[in-house]
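# Survey of secondary and tertiary structure
Here is how the chains run, residue by residue.
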Amino acid sequence: MASSPDIVFIFCDQWNARYLGCAGHPQVRTPHLDALAANGCMFDAAYTPSPVCMPARVSLASGLYPHTHGFFSNYTGKLFPAEQVTLFRCLQGAGYTTAKIGKYHYFSMEWGQDYEEYRDYYDQLGLDWAEETSTPFQGPFLNTAYSRLLKERGLLDAFITDIGDRYVDGQYAARPSPLPPDLTPDGYVCRQALSYLRGAPNDRPLFLCASFPGPHTPLGAPGKYAEMYDPDDVILPPNYDEKRSKHAPQAIAEMTAQYMGKITHLDDRVGEIIEALKKRGSWENTVVVFSVDHGDRMGEHGIVSKCGFEEGSVRVPLIIGGPAVPLETRGFRSASPVSFLDLFPTFLDLAGGDIPDYCQGMSLLPIVTGQAD
């Protein structure tokens, strides 16, 4: 590459790898991600180092497997140590401006806390720009930029009530979100990412991670997306097992309809970010990477949620695309078994930076460029 590319990492939460049009799903609509895959490389056998949010996210930041970094659950009571050499600091060392907007999950906050209290921590991680948002189940009860915006718009009480009801009914209760698309947690992360891109510095190459909380539960798609898929038309997973399931086929179908609505909503947000990147003026030298921390079984084997090592829980979508990807063949699909952990060295390889010796992942660029299988 003539110069270091802008790298934009679109990162989601709990997205079953089957639920992409480009992966062959018969119903879900993901035209923007399909287009990214058609002009890039898609990995059909990408797996998370942990089917749990926090351990997987710490692996991405540190380049280490959970058995090395020591985070095994979402409830550790400790911070990911800022002194750990991080992806963001390594990218800064390669001359990049670094920004992350959305869900981080390197620690858990207490009721009423504000992420602004951790500003020094974000600086130590190596982030030039940082805005953290929480999971929807915790977010309404924190004092954050997002909760303050909902309060301004008169929507915070409705959000709190909805989340409270879902605590009682179960996080897989399938019903529409009470929030409009732009003001859901996913809509908020998108609008903040778009705002950042409009004013992002262009004197250095950019690494931006737009980290969306969805399609993680609650299963409430917003606005038109809640009606986009009819539960009566939903095709259940071929390995759905009613004998093992705690949920009847109709319940799984209703969950899946809302889940796919959230996915299509996110795909539209991907389209907005790509459009903003084209307006930024450096699109021809931009790499866009899409992936997820882990999946959701969503009825496979009759089970929902994550945490197990079934395929639906541990396999993740992974697409590396954009005009600056050094591909010989666009639309390439790799069957090579790879890890989500491999993104740490891949980003540094793209940036022309040094990959730390301790890193336990391997750069995927040799596969993308056809130098290795």
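Residues numbered from 1 in each chain as written. Predicted model: local features only at pLDDT ≥ 70, side-chain atom pairs only at ≥ 80, totals over all residues. Heavy atoms only, no water.

## A word on the overall build of the protein chain
Rules: Numbered from the N terminus, helices here are DSSP runs of H or I no shorter than four residues, and strands are runs of E no shorter than two. Radius of gyration here uses only the C-alpha atoms, and the compact-globule reference equals 2.2 Å multiplied by the residue count raised to the power 0.38. Each residue is assigned to one of three classes by its accessible area relative to the maximum for its type, calculated with a 1.4 Å probe on protein chains only: buried under 20%, partly exposed between the two thresholds, exposed over 50%. In what follows, a contact means two residues having at least one pair of non-hydrogen atoms within 4.5 Å. Calculation of accessible area relied on Shrake-Rupley with a 1.4 Å probe; when residues are assessed, cover is drawn exclusively from the protein chains displayed. The charged-residue count follows a simple rule in which Lys and Arg add positive charge and Asp and Glu add negative charge, with His and chain termini not counted at all. Charge positions are represented by NZ for Lys, CZ for Arg, CG for Asp and CD for Glu.
Within the protein chain, the secondary structure is distributed over twelve helices and ten strands. Computed over C-alpha atoms, the radius of gyration of the protein chain comes to 19 Å, within 12% of the 21 Å expected from 2.2 N^0.38 for 373 residues, which places it in the range of a compact globule. With the C-alpha coordinates aligned to their principal axes, the bounding extent of the protein chain is approximately 55 × 45 × 40 Å. When each of the 373 residues of the protein chain is scored for burial, the buried share is 61%. Excluding contacts between residues fewer than 6 apart, the proportion of contacts in the protein chain whose partners are at least 24 apart in sequence is 75%. Total accessible area on the protein chain is roughly 14,400 Å²; 50% of this is exposed by carbon and sulfur atoms. Side-chain charges in the protein chain split into 30 positive and 45 negative, and the spacing between the mean points of these groups amounts to 2 Å.

## Some thoughts on the pairing of strand β8 (residues 318-321)
The test is simple: Two strands are said to pair when DSSP picks up at least two bridges between them.
Burial of the side chains of β8 extends over both faces: Leu318 and Ile320 are buried on one face and Ile319 and Gly321 on the other. Direction of pairing for strand β2 (residues 41-43) relative to β8: antiparallel, over a ladder of two bridges. Counted as the bridge partner of Met42 is Ile319 from β8. Pairing geometry for strand β7 (residues 286-292) and β8, over four bridges, is antiparallel.

## Side note on empty space enclosed by the protein
Our working definition: A 1.4 Å probe that fits into a set of points on a 1 Å grid over the protein atoms alone but cannot get out defines a cavity; an open set with protein on both sides within 12 Å along at least five of seven lines defines a pocket, and lining residues are those with an atom within 4 Å of a point. Grid points are joined across faces, edges and corners, and a volume is the space filled by probe spheres set on the points. The classification used treats Ala, Val, Leu, Ile, Met, Phe, Trp, Tyr, Cys and Pro as nonpolar, Asp, Glu, Lys and Arg as charged, and all other residues, Gly among them, as polar.
Going through the model one piece at a time under the given rule, you end up with two cavities of 30 Å³ or more. The computed volume of the largest cavity comes to approximately 140 Å³. Around the largest cavity sit 17 residues that line it, and Ser177, Thr184, Pro185, Gly220 and Lys262 are the ones nearest its centre. Listed by contribution, the elements that provide at least two residues to the lining of the largest cavity are α7 (156-169), α8 (185-199), β6 (206-215) and α9 (249-280). Among the elements that take part in the lining of the largest cavity, α7 stands out by supplying three residues, more than any other. Grouping the constituent residues of the lining of the largest cavity by class yields eight nonpolar, five polar and four charged. Surrounding the second largest cavity, Tyr115, Thr133, Ser134, Thr135, Pro136, Gly139, Thr144, Tyr146, Phe159, Pro185 and Tyr188 form its lining.

## Here's the deal with the sheet that holds β6
Applicable threshold: Fitted lines through C-alpha atoms serve as axes, helices being fitted only where they are in contact, and the angles separating the N-to-C directions of these axes extend from 0 to 180 degrees.
Taking strand neighbours across the sheet as the criterion, the eight strands line up as β5-β4-β6-β1-β7-β8-β2-β9 in an open arrangement whose pairing is mixed. Because the sheet does not close on itself, it has two edges, and the strands there are β5 (129-133) and β9 (332-334). Strand-to-strand twist across the sheet, computed as the mean angle between neighbouring axes with direction ignored, equals 10 degrees. Across seven bridges, strand β1 (residues 6-13) lies against β7 in parallel orientation.

## A short note on the pairing of strand β4 (residues 97-103)
The two faces of the sheet receive side chains in turn, since in a regular strand these alternate between them. The buried count for β4 comes to seven of seven residues, which makes it a mostly enclosed element. As paired strands, β4 and β6 are joined by six bridges and run parallel to one another. Across the sheet, Ile101 pairs through a bridge with Ala210, a residue of β6. Where β4 lies against β5, five bridges are found, and the strand directions are parallel. If you follow Gly102 over to β5, its bridge partner there is Glu132.

Everything listed here is a matter of coordinates, which is why it stays silent on function.
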